[in-house]
Amino acid sequence: MSKPIASVNDFVVKFANVNGSGSASANLVFARSILRMGVPVSTRNIFPSNIQGLPTWYEVRISEAGHLGRRGGVDLMVAMNPQTWAQDLASIDPGGYLFYDSTKPMPPSTFRDDINVIGMPLTEICNRAYTDARQRQLFKNIIYVGALAALLDIDVAEIEKLLGEQFKGKDKLIAPNRDALHLGRDYAREHLEPIGLKLRRADAVGDRIFIDGNSAAALGCVYGGATVAAWYPITPSTSMAEAFERYCRRYRVDPETKKARYAIVQAEDELASIGVVIGAAWNGARAFTCTSGPGISLMQEFLGLAYFAEIPAVVFDVQRAGPSTGMPTRTQQADILACAYASHGDTKHVLLFPEDPHECFEMGAAALDLADRLQTPVFVMLDLDIGMNEWLCRPFAWDDKRRLDRGKVMTFDDLESGKEFGRYLDVDGDGIPYRTYPGTHPTRGAFFTRGTSRTPYARYTEEGAAYVDNMERLLRKLETAKKLAPAPVLKSAKQATKHGVIYYGSTTPSMHEALAALEEDGIYLDALRVRSFPFQDAIVDFIRRHAQIFVVEQNRDAQLRCLLVNDCAIDPAKLTPVLNYDGTPITARFITREISSLLGARKPAPLREVVR
Amino acid sequence: MTYITKPRLHHPSLPTNKLGYTRRDYEGTISTLCAGCGHDSISAAIVQACFDLELPPHRIAKLSGIGCSSKTPTYFLGSSHGFNSVHGRMPSVLTGANLANKDLIYLGVSGDGDSASIGLGQFAHSIRRGVNMVYIVENNGVYGLTKGQFSATSDRGSKSKRGAVNYDEPIDLIDMALLLGASFVARSFSGDKAQLVPLIEAAITHHGAAFIDCISPCVAFNNHEGSTKSFDFVREHNEAVNRLDVIMGRAEITADYAPGTVETVTQHDGSVLRLRKLAADYDPTDRVAAMTYLQERHAAGEIITGLLYVDPDSRDLHDHLDTVAQPLNALGEAALCPGAAALDKLNASLR
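(A) Representation of the overall build of chain A in the model. Across its full length, chain A holds 20 helices and 24 strands. For 612 residues, the compact-globule formula gives about 25 Å, and the C-alpha radius of gyration of chain A, at 27 Å, lands near that figure. Across its three principal axes, chain A shows a C-alpha extent of roughly 85 × 65 × 40 Å. Taking all 612 residues of chain A together, 54% fall into the buried category. In chain A, 75% of the contacts between residues at least 6 apart in sequence involve partners at least 24 apart.

(B) Looking closely at unusual backbone geometry. Following Thr-235 of chain A, the chain continues to Pro-236 of chain A via a peptide bond in cis, the omega torsion being 5°. Within the secondary structure, Pro-236 of chain A sits in the loop between strand S10 (228–231) and helix H8 (238–251). A cis geometry characterises the amide bond from Phe-533 of chain A onward to Pro-534 of chain A, with omega recorded as 0°. When you line up the elements, Pro-534 of chain A lands in the loop between strand S22 (532–533) and helix H18 (537–545). One non-glycine residue, Leu-77 of chain B, adopts positive backbone phi at about 50°. By the element assignment, Leu-77 of chain B lies in the loop between helix H2 (68–71) and strand S2 (81–84).

(C) Geometry of the interface of chain B and chain A. Of the residues lining the interface, 48 residues belong to chain B; the matching set on chain A comes to 56 residues. Sorting the residues of the side of chain B that touches chain A by element identifies S2, helix H3 (90–100), helix H5 (120–129), helix H11 (333–336) and helix H12 (339–349) of chain B as the ones contributing at least two each. Here the side of chain B that touches chain A is composed, by residue class, of 23 nonpolar, 20 polar and 5 charged. Bridge analysis of strand S18 (residues 448–450) of chain A against S2 of chain B gives 3 bridges, and the strand direction is parallel. Its bridge partner lying in S2 of chain B, Thr-449 of chain A is registered against Phe-83 of chain B.

(D) Looking closely at the sheet that holds strand S20 (residues 499–503) of chain A. Residues and elements named next belong to chain A. Spatially, the 5 strands line up as an open sheet ordered S19-S21-S20-S23-S24, and their pairing is mixed. Each of the sheet's edge strands pairs with one partner strand only, and the pair in question is strand S19 (489–491) and strand S24 (575–579). Strand-to-strand twist in this sheet, taken as the mean axis angle between neighbours without regard to direction, amounts to 20°. As judged from the 5 bridges shared by strand S23 (residues 548–553) and S24, these two strands associate in the parallel manner. From the neighbouring strand, Val-552 faces S24, where its bridge partner is Val-578.

(E) Focus on the domain arrangement of chain A. Residue and element names in this part refer to chain A. Taken domain by domain, chain A consists of domain 1 (7–198), domain 2 (210–393), domain 3 (412–484) and domain 4 (489–598). Averaged C-alpha coordinates put domain 1 and domain 2 at centres separated by 35 Å. Every contact between the two is made by 12 residues of domain 1 and, on the other side, 9 residues of domain 2. Looking at the side of domain 1 that touches domain 2, the elements with two or more residues in it are helix H1 (23–36) and strand S3 (41–46). At 5 residues, the largest contribution of residues to the side of domain 1 that touches domain 2 is made by S3. Classifying every residue of the side of domain 1 that touches domain 2 by side-chain character gives 6 nonpolar, 4 polar and 2 charged.

What counts, and at which threshold
- Residues numbered from 1 in each chain as written.
- Chains lettered and ligands numbered in written order.
- Predicted model: local features only at pLDDT ≥ 70, side-chain atom pairs only at ≥ 80, totals over all residues.
- Helix = DSSP H or I, 4+ residues; strand = E, 2+ residues; numbered from the N terminus.
- Rg over C-alpha atoms; globule rule 2.2 N^0.38 Å.
- Buried ≥ 20, exposed ≤ 12 C-beta atoms within 10 Å, placed from the backbone.
- Contact = placed C-beta atoms within 7 Å.
- Nonpolar A, V, L, I, M, F, W, Y, C, P; charged D, E, K, R; others polar.
- Pairing = 2+ DSSP bridges.
- Axes fitted to C-alpha atoms, helices over the stretch in contact; angles between N-to-C directions.
- Domains from an automatic or database assignment.

In structure tokens form, the structure reads like this:
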């Protein structure tokens, strides 16, 4: 028997459930009650591409130290799904705990002898208390939350408050839920032995908020002035479109007429989605679509048109594991190249890499400004981990003095005053021409938009020199993009080092935790978080300043590293890939182990293998 | 290809409409299509219709896909914004443009390859959404720019210029438009300007998805014996169900017609469509009857033209989405951005 794990405010609880059983809201209440006690949590849904009946897991990492990446390993398994029993049992760290429904007696051979088993007859308790089958199912979830509250010392008043908030408006559900909570809690207090995992009130959450990246990005689009959204349902981006609609209903309905200041079209496919976005943006509305890898593949031809005809278009790519249908409910950062060079011919696009929901909001709004300013597609590269999981992050902020940057648009007065208009004429050297919205002026400023080569005055031409001039101007425009897109963020090591690491997006919290762990082992790394593409000079300088750079990514082919090599002419030997791409979010343990072994350092303390 | 610049000068006595525009003001650059191409007649009909309706040219947006038909927007409405988009995808671009600004008139020009083959899906979905637009298919049954392949509207048994026979069942876009809920459906022939111009005028005044299938023979690749889209074949088999006059506003109807030979339909915007019946008992407001009639006459080998269906109480996508009266592209920060106070409140609910 391993020594029972003892830890305060630093452990992982994993719930194994059946999808469609109503466990999600109970699990969320569990996680949020811990946040209300001032202890940071990070949560991850691991779910199948299915509606009802298949296994689903919910992982809650509790970390007073504030580590928000996935840790790996399980200290307490709440095993509610017989289907995955063996796998769930095996995933518990030695000395960890198994909480299960003991209504049906199980032979001792079913268990492991190096873990602590906590049986509670949940079904029996439910059947005694409820007669309705659906109630038995739903309240079982709240009953186990009550039991966990007792075992872990969760402040039950916080849970009650959360239940009150959750069922606000459906008030008659509050009392039965509270009763179920206490049913579980009382039973546990009476019958179960205390365990080594405890929660203690702390003050480590601050003013942070708990939200998923898809909702945050959708809110960013509301604040950024998007009025047209077109989308096609695809996991894991669907909830972004739904969130946009939800926020629009709240914030974008004319208070007097009750009419909509937005238009959302669920299109017939992703080709139509991006087509609608391009048409709307061409006509002066702010528009976006949200999709995932397969959708990006379908949009390729249109993205080339938007690039070449210079039409703003904002695309949120909530990345999932590819290629093809891949693992549609697992996370990856695997569309970097597909987006950076989307479409045929010579193209290059602006990409933004948010690290968390806070940046999903900021970059969501910023992308709409950037697309209008640069008159080109802008991609916001979320992934399933950020998009569909609630993250603890800085609260959203907005400056009421901020104005939408509509870019270079000639107005009626500009045209009337006789200002020269050439749709593809670079008048001030930044590569960005002026445009007009259709219908602006009766006799001036009209032009023909096309995907074919043209003169600065938008006239069709297949003359080589004019084509080359135009293509060079498009490159100048991307140089301008470097100045406008979010700059990289440097995190310097405590002492000078010749080693550096480059990372981006949802890798951030695990990377930061890994940096701290490596430092404890005497490994110092300067770290640079890339926030946009095309890459700024600061990124090239960072690479030049170090002898060796690790590029940490969540894909197989080191896609950002490819971009660095290709776009900045970096010697590939200098960039060492560190790659996690099994579909689970990257962990600090993985990064620490990889970098330590690549540097030939002494092995860190043995790692508990991650088994799911 | 803009090889020849049209002279801006024109005869001083050229008639003007109420806005002071001459017909020339609705023209574009000189066409680069083949001499005698049916598409040029359609462009001319569009010019005439816009002149007659006294539309400010810059308040029209013309959108197209790829192909001979989709090149034509260059040859009309030179003061309008145009968008030559992606093959088969004009409908989605037009839908987006329409969502951005409901105040402009949207003219979608497409071909049979563009709409019945590569773009069949987008054609269908833009129609069923009720996008407020005029959607004209310049239908010649052939791929012209790529030198004469059959298109999806080629009739079974029709012969290509090289003598190959088409064995595939044709797609009839009129049948589809009716099935999909287009609220205005017409078929015409590029060789019959007297029929086509009022149909385009009526389609422009219509509020909702107005679809016109215009048979437009390809003089280079599909005007030979054995083709069912040649000038001769269409002239021989053309059976118009009605003749249309469009009357703007609520002008009085003064012409005398024998009782039972004229039907009037008042549209959403008050325009009156006056139909002189050519086929007795044809009721263009009865969708199901129209579908049956078309199937029967098609089986008899006739090409039925005219205003085939109109719903005077039509609604469009903006009606369905219940959008504000002001165009979405004209809304500013105050109407769009909820501001810092609302955000603070939202933050508080997320803790």
